Amino acid sequence: MSAPVFRIAESSIDADALHARLQHPQAGACLVFEGRVRNHNEGRAVDGLRYEAYVELAEREGRAILEQAQEKFGLLALVCEHRIGSLAIGDLAVWVGVASAHRDAAFPACRWIIDEVKARVPIWKHERYAQGDAGWLHPEEGAGGREPKS
């Protein structure tokens, strides 16, 4: 097994380099999730966003999540990288990759990792809207790929 890698990135995520870290001779499955900046949120047009993080704490918590996932799902290799700074529509904001012996571990592991990162890692999202205003988003308000509460 490879040591899990979690990183906060201030520049573009190199998906090819991250994917290369998932190579393992026992891996029969490799699964990747790419989270990108979309042009809308909750019916509002979005022009872009900015992520901010407490980097030291974020990386420590991110590594803890990956270590838990490695043990929970029996992963052979796993990597997660999350951007901070200003991002444009279509930019890669977060990348999660896992390698396992079988697909039955890879699918739930990848989902579990992104959900835990969004819930536990101190990263804050500030959206810029087409109407000219901006706002901070919180998970309970629909940020991070979660559905808004009714």
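Everything below is about the structure shown above.
Keep in mind that what you see is a predicted model, and the values were worked out from it rather than measured.

Calculation rules
Residues numbered from 1 in each chain as written. Predicted model: local features only at pLDDT ≥ 70, side-chain atom pairs only at ≥ 80, totals over all residues. Heavy atoms only, no water. Helix = DSSP H or I, 4+ residues; strand = E, 2+ residues; numbered from the N terminus. Rg over C-alpha atoms; globule rule 2.2 N^0.38 Å. Buried < 20%, exposed > 50% of the residue type's maximum accessible area, 1.4 Å probe, protein only. Contact = heavy atoms within 4.5 Å. Areas by Shrake-Rupley, 256 points an atom, 1.4 Å probe, with all protein chains shown as cover. Lys, Arg positive; Asp, Glu negative; His and termini not counted. Charge placed at Lys NZ, Arg CZ, Asp CG, Glu CD. Patch = residues over 30% accessible without salt bridge, like charges linked within 9 Å, V, L, I, M, F, W, Y side chains within 5 Å. Salt bridge = Lys/Arg side-chain N within 4 Å of Asp/Glu carboxyl O.

Asks: What is the right way to look at the overall build of the chain in this model?
Replies: Secondary structure summary: the chain contains three helices and nine strands in total. N-terminal to C-terminal, the α/β element order of the chain is β-α-β-β-β-α-β-β-β-α-β-β. For the chain, the C-alpha radius of gyration of 16 Å lies close to 15 Å, the compact-globule estimate for 150 residues. By principal-axis analysis of the C-alpha atoms, the chain measures approximately 50 × 35 × 25 Å. When each of the 150 residues of the chain is scored for burial, the buried share is 43%. In the chain, the proportion of contacts linking residues at least 24 apart, taken out of those at least 6 apart, comes to 76%. Accessible area of the chain: about 8100 Å², with a carbon and sulfur share of 47%. Of note, the chain has its 18 positive side-chain charges centred 1 Å away from the centre of its 22 negative side-chain charges.

Asks: I'm lost on a nonpolar patch on the surface in this one. Help?
Replies: Judged by side-chain polarity, Tyr54, Trp124 and Trp136 come together as a nonpolar surface patch covering roughly 350 Å² of accessible area. In this structure, Tyr54 sits in the loop between strand S4 (44–53) and helix H2 (55–73). Relative accessible area serves as the criterion here: at 46%, Tyr54 is assigned to the partly exposed category.

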